[in-house]
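Remarks on the overall topology
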Amino acid sequence: MPEGLKALMSRADRKDMALPPVDKWNPEFCGDLDIRIARDGTWFYLGSPIGREALVKLFASVLRKDEDGRHYLVTPVEKIGITVEDAPLLAVELAVEGDGQSQLVSIRTNLGDLVKIGPDHYLRFEMEPESDGLKPYVNVRGRLEALFTRPLMYQLVDLMEQRDGDEGTEMGLWSGGEFFRVAPEFLAAG
């Protein structure tokens with residue numbers, strides 16, 4: 001394991017850690033490490049699940065997605081590639097305040113991030129190729145996103161409404177003063 005990650009691991013159980021400024025660090029690429037984040041949010045190292053939640057949270061705190069679409073663990077001196085099967089985080093809890101245009105939807109991720117959906121934390125939708133099901137994602141930080149778990153996806157759909165848009169009737173939901181539209185072709189599928 002690279003030295004920078006070993007040093008981080010020694011501090012894994014600290015409770016007072018703020019997120020480091022990984023977007024400002026530009027170390028050299030050191031290669032790939034056999035760390036994988038499965039679709040269900042489980043982190044694996046060398047094929048075995050990482051059982052210590054504090055260690056997973058520590059690794060997540062130095063996780064970054066670069067413009068090349070790859071995910072990296074980044075320290076001031078190392079940049080190590082890892083595998084992410086879908087999104088590195090999961091949206092597991094949802095709260096709603098208000099309604100209509102003044103509605104604010106907030107989520108909690110599987111690793112404890114709290115996110116208010118709006119202009120700084122956008123919501124986007126994709127189609128799941130295997131089932132033609134709708135997959136919502138929310139931006140958590142940088143380019144890192146959380147995929148909504150299936151129960152939360154259904155809660156999100158319950159919050160959707162129709163409105164008249166520039167291209168006719170559109171479906172989506174309000175949060176943080178923004179309307180997040182579902183592409184019409186996604187609604188027609190399945």
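Some words on unusual backbone geometry
Of note, the phi angle at L46 is positive, near 50°, even though the residue is not glycine. With respect to the element layout, L46 can be found in the loop between β2 (43-45) and β3 (48-49).

Considering the nonpolar core
W43, L123, F125 and F148 are the most contacted members of the largest nonpolar core, which totals 44 residues. Here this core gets five residues from one element, more than from any other, and that element is helix α2 (residues 53-61). The residues contacting L123, other than those within four sequence positions of it, are I117, P136, Y137, V138, F148, L156, L173 and F180.

Comments concerning the pairing of strand β11 (residues 133-141)
Two faces, one strand: in a regular strand the side chains alternate between the faces of the sheet. Along β11, nine of the nine residues are buried, which leaves the element largely enclosed by surrounding structure. With six bridges joining them, strand β10 (residues 123-128) and β11 adopt antiparallel strand pairing. In the strand pairing of β11, R124 is matched with Y137. As consecutive antiparallel partners, β10 and β11 are separated by four residues, and within that stretch D132 has a phi angle of approximately 60°, a positive value. Examined bridge by bridge, β11 and strand β12 (residues 144-148) share four bridges and lie antiparallel to one another.

Remarks on the sheet that holds strand β9 (residues 114-116)
Pairing in this open sheet of six strands is mixed, and the strands run β9-β8-β7-β12-β11-β10 from one edge to the other. Both outer strands of the open sheet, β9 and β10, are each paired with one neighbouring strand and no more. Direction aside, the axes of adjacent strands within the sheet are offset by 40° on average.

A look at the pattern of salt bridges
Applying the stated criterion to the full structure yields 15 salt bridges. For D86, the salt bridge is made with R39, and the minimal N-O distance between the two is 3.9 Å. You can see D86 sitting in the loop between β6 (79-84) and β7 (89-97) and its partner R39 sitting in the loop between β1 (29-37) and β2, a full 47 residues away along the chain. Taking the shortest distance from any N to any O, the salt bridge between E128 and R150 comes out at 3.8 Å. Of this pair, E128 sits in strand β10 while R150 is found in helix α3 (residues 150-159), placing the two residues 22 residues apart along the sequence. A single network of salt bridges, built from pairs that share partners, joins R39, D86 and K135.

Digging into the confidence of the model for the protein chain
When pLDDT is averaged across the protein chain, the result is 87; 89% of the residues are at 70 or more. Scored below 50 in pLDDT, residues 8-14 shows 14 contacts in the model against residues more than four places distant or in partner chains.

Focus: α3
For α3, the complete set of buried residues consists of L152, M153, L156 and L159. Considered in projection along α3, the buried side chains sweep an arc of 110° and stay on one side of the axis. Opposite the buried face of α3, at more than 90 degrees from it, the exposed residues are P151 and D158.

A look at the side chain of R64
Within the fold, R64 resides in strand β4 (residues 63-65). What makes R64 buried here is its relative accessible area of 7%. Side chain to side chain, R64 and D66 meet in a polar contact 2.6 Å long.

Definitions and limits used
- Residues numbered from 1 in each chain as written.
- Predicted model: local features only at pLDDT ≥ 70, side-chain atom pairs only at ≥ 80, totals over all residues.
- Heavy atoms only, no water.
- Helix = DSSP H or I, 4+ residues; strand = E, 2+ residues; numbered from the N terminus.
- Core = buried A, V, L, I, M, F, W, Y, C linked by side-chain atoms within 4.5 Å.
- Buried < 20%, exposed > 50% of the residue type's maximum accessible area, 1.4 Å probe, protein only.
- Contact = heavy atoms within 4.5 Å.
- Pairing = 2+ DSSP bridges.
- Axes fitted to C-alpha atoms, helices over the stretch in contact; angles between N-to-C directions.
- Salt bridge = Lys/Arg side-chain N within 4 Å of Asp/Glu carboxyl O.
- pLDDT = per-residue confidence, 0-100.
- Arc of directions from axis to C-beta.
- Polar contact = N/O pair within 3.5 Å; in protein donor to acceptor, adjacent residues only side chain to side chain.

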